[in-house]
Amino acid sequence: MKKLEIIIKPGVFEKIKAVLTELGVHGLNYSEIRGFGRQRGHKEVYRGTIMQVDCLPKIKVEVVVHDEAFEKVVDAVVSTVRTGQVGDGKIFVSDVADAVRIRTGERGDMAL
Ligand SMILES: Nc1ncnc2c1ncn2[C@@H]1O[C@H](COP(=O)(O)OP(=O)(O)OP(=O)(O)O)[C@@H](O)[C@H]1O
Ligand SMILES: [Mg+2]
């Protein structure tokens with residue numbers, strides 16, 4: 001299993017949620033965060049306005065997916081949100097050792 005932390009602009013969250021659902025993702029978390037990337041101290045477009053970057057509002061989506069699914073999910077997210085401009089976002093991928101569905105005790109892939 002892989003965990004994807006997908007950091008995106010708030011404006012594309014609904015689109016990402018729809019894409020993930022379409023790909024069969026059964027659960028996700030999102031949080032409203034603030035962050036910066038490489039352009040700190042430079043300029044980034046936010047909601048059509050050029051803003052001095054300190055920490056801009058972003059959405060972080062966390063989703064755990066089957067090993068076979070994660071490349072497809074990454075590709076779908078990238079092709080959905082890429083504008084080619086700075087600040088398009090980032091995806092961090094990590095291995096997940098186990099998962100437990102508390103109701104049934106199912107483990108691993110069965111628990112997703
Ligand atoms: N190394 C990092 N570690 C943790 N979070 C990061 C890191 N880099 C970026 N982020 C998060 O991702 C958000 C979007 O990053 P962003 O797309 O600007 O990345 P970037 O590396 O600056 O690429 P680009 O040059 O395309 O803008 C940041 O606002 C921050 O929340
Ligand atoms: Mg950046």
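Use the structure listed above.
Each chain carries its own residue numbering, running from 1 in the direction its sequence is written. Key to labels: chains lettered from A, ligands numbered from 1, both in the order written. The predicted nature of this model means local features are confined to residues of pLDDT at least 70 and side-chain atom pairs, given and counted, to a pLDDT of 80 or more, with totals for whole chains, interfaces and linings taken over all residues. Side-chain numbers come from the whole structure's heavy atoms, not from hydrogens or water.

Chemist: How should I be thinking about the pattern of salt bridges in this particular structure?
Modeler: Side chains that carry opposite charge are capable of pairing whenever their charged atoms lie near each other. Each reported salt bridge corresponds to a side-chain nitrogen of Lys or Arg within 4 Å of a carboxyl oxygen of Asp or Glu. Under the criterion given, the structure shown has six salt bridges. The partner of D98 in a salt bridge is R107, and the shortest N-O contact between them spans 2.5 Å. A salt bridge links E106 to R101, with the shortest nitrogen-to-oxygen separation between them at 3.0 Å.

Chemist: When you look at the side chain of K2 in this model, what are you seeing that I'm missing?
Modeler: Note on placement: K2 falls in strand β1 (residues 2-8). A distance of 2.6 Å separates the side chain of K2 from the side chain of D95, its partner in a polar contact. It only takes one pair of heavy atoms within 4.5 Å for two residues to be counted as in contact. With near-sequence residues (within four places) excluded, K2 lies in contact with V63, V64, V65, D67, F70, V93, S94, D95 and V96. Here a strand is any run of E in DSSP of at least two residues, a helix any run of H or I of at least four, and the numbering for each starts at the N terminus. Two N or O atoms count as a polar contact when they lie within 3.5 Å, although within protein this holds only if one can serve as hydrogen donor and the other as acceptor, and sequence-adjacent residues are included solely when both atoms are side-chain atoms.

Chemist: Can you help me understand the site of ligand 1 in this one?
Modeler: When at least one non-hydrogen atom of a residue lies within 4 Å of a molecule or strand, that residue is treated as near it. Residues in close proximity to ligand 1 total 13 residues, the closest being R38, Q39, G87, G89 and K90. Take G35: an N or O atom from its main chain is 3.3 Å from an oxygen atom of ligand 1. For every accessible area listed, the method is Shrake-Rupley and the probe measures 1.4 Å; residues are considered covered only by the protein chains on display. In isolation ligand 1 exposes 610 Å². Once the protein is present, 73% of that is buried. Among the residues making up the shell around ligand 1, the classes are represented as four nonpolar, five polar and four charged. Throughout, the ten residues Ala, Val, Leu, Ile, Met, Phe, Trp, Tyr, Cys and Pro are labelled nonpolar, Asp, Glu, Lys and Arg are labelled charged, and all others, Gly among them, are labelled polar.

Chemist: Could you clarify how one ought to interpret the pairing of strand β5 (residues 56-65) in this entry?
Modeler: Here is the key point about a regular strand: its side chains alternate between the two faces of the sheet. Across seven bridges, the pairing between β1 and β5 is antiparallel. Across the sheet, the residue bridging to I7 is K60, located in β5. One bridge is not enough; two strands pair if DSSP finds at least two bridges between them. One ladder, built from seven bridges, connects strand β2 (residues 29-35) with β5; its direction is antiparallel. Across the sheet, Y30 pairs through a bridge with V61, a residue of β5.

Chemist: I tried to follow the packing of aromatic side chains on my own but got confused; where do I start?
Modeler: Where two aromatic rings form a pair, the distance of their centres and the angle of their planes describe that pair. When two rings of Phe, Tyr or Trp (its six-membered ring) have centres within 6.5 Å they constitute a pair, described as stacked for plane angles under 30 degrees, edge-to-face for angles over 60, and tilted for the intermediate range. Going through the model one piece at a time under the given rule, you end up with one aromatic pair. Taking 4.4 Å as the distance between ring centres and 40 degrees as the angle between the ring planes, the aromatic pair formed by F13 and Y30 counts as tilted. Here F13, found in helix α1 (residues 13-22), pairs with Y30, found in strand β2; they are 17 residues apart in sequence, far enough to count as distant.

Chemist: Looking at this model, I keep getting lost on the sheet that holds β1. Mind explaining?
Modeler: Strand pairing within a sheet occurs via backbone hydrogen bonds; the two strands may be parallel or antiparallel. Across the sheet, which stays open at both edges, the four strands sit in the order β2-β5-β1-β6 with antiparallel pairing between neighbours. Single-partner strands in this sheet number two, and they are β2 and β6 (90-95). Put simply, the sheet's adjacent strands are angled 25 degrees from each other on average, direction ignored. Here α1 sits on the sheet and contacts β1, β2 and β5; the angle it forms with β5, its principal contact strand, is near 5 degrees. Axis definition: a line fitted to C-alpha atoms, limited for helices to the stretch in contact. Angles are taken between N-to-C directions and run from 0 to 180 degrees. Along the sheet face, helix α2 (residues 70-81) touches β1, β5 and β6 and points at about 5 degrees away from the line of β1.

Chemist: Before we go on, may I ask you to explain the environment of K60 in this structure?
Modeler: The topology assignment puts K60 in strand β5. The contact partners of K60, leaving out residues within four places of it in the chain, are E5, I6, I7, N29, Y30, S31 and I33.

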